[in-house]
Amino acid sequence: MQFTEFPSSKPAIHVPNWALILLFIAYALPGNLGHVPWRGDDALHIGVAYSMLREGNWLVPQIAGVPYMDWPPLLHWLGALSGSLLGWLLPLHDAIRLGGVISVTALLVFLRFAAREIYGREAASAAAMLALGSLGLLVHAHEMQPQVLVAACIAATIYGLAHMRQRPVRGALIAGTASGAAFLAGGLPGLALSLPLWAALPASEAECRSRAFLLAYRHALWPLVLLVLLWPLALAIWQPDYLAVWWAKELADITPHAGHLQRTGALGNLIGWFTWPLWPVVLWSLWHRRTSLRAFGHSLPLLAAALSLGLIVTTGAMRPANVVPLLPALILIAAGEVCRLRRGAANAFDWFGLITFSLLGVGLWLAWSALIFGWPVPLSRNVLRLLPGFQPSWHWYEVLLAITLSIAWIIAIVRLPFFQLRGAVHWALGITLSWGLATTLWLGWFDYDKNYRPVANEIARQIRQQDKGCVATLDTGDSQRASLYYFTDIKLEPGAAARARCPLLLAYSTGQRALPSMNPGWERIWQTQRGRGRLMERFGLYRKVGNQSEAADQSAR
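Notes on the overall build of the protein chain
In terms of regular secondary structure, the protein chain is built from 25 helices and seven strands. Computed over its C-alpha atoms, the radius of gyration of the protein chain comes to 25 Å, within 12% of the 24 Å expected for a compact globule of 557 residues. Taken along its principal axes, the extent of the C-alpha atoms in the protein chain is 85 × 65 × 50 Å. In the protein chain, which comprises 557 residues, the share counted as buried stands at 53%. When the accessible surface of the protein chain is summed, it comes to about 24500 Å², and 64% of that surface belongs to carbon and sulfur atoms. Charged side chains in the protein chain number 44 positive and 29 negative. The centres of these two groups are separated by 7 Å.

This is the structure in structure tokens:
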């Protein structure tokens, strides 16, 4: 069953493949190329891939020689592979980040395939436009982010299962490979988000409960078992200690908790803005098609949405990246409905996007003018106050690209005729415009705030002046350790044993928290801070003095 009827008698207009490819290039490359690793997940996962290239250990993800347990290695393998292939052409961090671009590309491709398989050709274009126009995907599509790869695997699983209705063996192979890849990308949560989807077909359609159809699932088991067992078996042979700790952490991470249910307001706000503008269309679809929700076209993406939402609410931390796996299901449901919106609703969806991104584009240009030329004066004062010490500058090619994007947006407003997907196209173009302006006019601003290179170089200079061997760490996060290793090749050693052994220690704090208090045997020799408010970061370097330093020297001998 496919839902492909439009309320208008006019023929549907499809988005040409060449136009979609050009739009994707304009969307994906700015922000993925042209800047050093930024603090947070980007620096963390680039650091893990860099460790693979530098240390040569592709089996165990590591940060500066310390095993990294939070994610399986599939994204880091992609990043290390793209880094090794393209590191001669691009800066290494840009080449590694292209592994993340592969994830985004796979997500869009399989969303298009799944939408076409379930709802028809028009919905394929709608799915691509809605994905590019999704607010929540924007930032995470421009960093090294494992959750994007998990989302791509979910979309591929949905496509494989939908394709089984036409070609059972081929569809089963795709679904099995995608579910196995979801495990390598996201561990047990990735498997929990994809494997239960296999039950959607037999539950929704009687012909999918036949013995011949169910036997086709055995073709899915071969790639699934191979991908799920291959990496753990290799760990069991060569790194059994790592496997035991990683498996215990996986079980702990997928164990449900009630912490988010005590913060329903914050959780609702997070999901609400992250899934904009998808959720209004999804809610309308659920109400409009409430009598046919068990049909194949609805049950498969609905089950995917329910699994993702359940995992978001009951496991993990409350952070935007953890909501990414919810997007494929919502994009598919919205893609099936946006093709059938009444003209009034389609126009409202379209005009809201046009007004929003036009105002945002004007605001970005005005703020840039205030930053560079000091006009408007009140806005200039407020902008410069946000980042003390920032020295604004601009490059002609960045401004030229921003002007080109702005002209393209104006042409799209004036020349694009009405058709059923115009609203989705405008959302995709608007997001691309806004991100393009942010990563051209404002790239120096973001780089000043998120770039760890200057502070890493200063920390390395202070450490090398001491010439005292290993450096322990206290409250320093994975992102900071990865950045210091990537920029300076200095390895920080976490844990109480390292603090007892090493003569130097780097401490870290964020927000309003002061640096951690130290024992009398430690002397602070250097301190710096960056940022302001809740984003303020403090670094402090300490060395052992007195008896502790002598004991450490004797232990080293």
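Let's talk about the packing of aromatic side chains
Applying the stated criterion across every chain, the model contains 29 aromatic pairs. Look at F110 and F113: their rings are 6.3 Å apart centre to centre, the planes differ by 90 degrees, and that puts the pair in the edge-to-face class. One end of the pair is F110 and the other is F113, both in helix α4 (residues 92-118) and three residues apart, which spans about a single turn. When the ring of W368 is compared with that of W394, the centres are 6.4 Å apart and the planes differ by 85 degrees; the resulting orientation is edge-to-face. Taken together, the residues W368 in helix α17 (residues 343-373) and W394 in the loop between α18 (377-386) and α19 (396-415) connect sequence positions 26 residues apart.

With respect to the state of the cysteines
Scanning the model with the defined rule gives one disulfide in all. Shown here is the disulfide that connects C470 with C502, its sulfur atoms set 2.0 Å apart. Across the disulfide from C470 to C502, rotation about the S-S bond amounts to roughly -125 degrees, and the bridge is consequently left-handed. You can see C470 sitting in the loop between α22 (453-466) and β3 (471-474) and its partner C502 sitting in the loop between α24 (496-501) and β5 (504-510), a full 32 residues away along the chain. By relative accessible area, C502 is classed as buried at 0%.

Overview of the pairing of strand β6 (residues 522-530)
Here is the key point about a regular strand: its side chains alternate between the two faces of the sheet. Where β6 and strand β7 (residues 537-544) come together, eight bridges link them in antiparallel fashion. Following the sheet pairing, E523 is matched in β7 by R543. Once β6 ends, the chain turns through six residues before running back antiparallel as β7, passing G531 with a positive phi of about 80 degrees.

Description of the nonpolar core
Ranked by internal contacts, the top residues of the largest apolar core, which has 162 residues, are M129, L130, L132, I158, L161, L300 and W442. In contact with W442, not counting residues within four places along its chain, are L364, A367, W368, L371, V383 and L437. The next biggest cluster of nonpolar side chains, apart from the first, holds nine residues, and it includes A472, A498, A507 and Y542.

Remarks on the packing of helix α5 (residues 121-132) against helix α20 (residues 422-438)
Two measures define how a pair of helices packs: the angle their axes make with one another and the distance between the axes. Here α5 crosses α20 at 35 degrees, and the two axes come no closer than 7 Å. Of the two possible hands of crossing, α5 and α20 adopt the one that is left-handed. Seen from α5, the contacting residues are M129, L130 and L132; seen from α20, they are A424, V425, A428 and I431.

Conventions adopted
Residues numbered from 1 in each chain as written. Predicted model: local features only at pLDDT ≥ 70, side-chain atom pairs only at ≥ 80, totals over all residues. Heavy atoms only, no water. Helix = DSSP H or I, 4+ residues; strand = E, 2+ residues; numbered from the N terminus. Rg over C-alpha atoms; globule rule 2.2 N^0.38 Å. Buried < 20%, exposed > 50% of the residue type's maximum accessible area, 1.4 Å probe, protein only. Areas by Shrake-Rupley, 256 points an atom, 1.4 Å probe, with all protein chains shown as cover. Lys, Arg positive; Asp, Glu negative; His and termini not counted. Charge placed at Lys NZ, Arg CZ, Asp CG, Glu CD. Phe/Tyr/Trp six-rings, centres within 6.5 Å; stacked < 30°, edge-to-face > 60°. Disulfide = S-S within 2.5 Å. Pairing = 2+ DSSP bridges. Core = buried A, V, L, I, M, F, W, Y, C linked by side-chain atoms within 4.5 Å. Contact = heavy atoms within 4.5 Å. Axes fitted to C-alpha atoms, helices over the stretch in contact; angles between N-to-C directions. Left-handed = near helix turned anticlockwise from the far one by under 90°.

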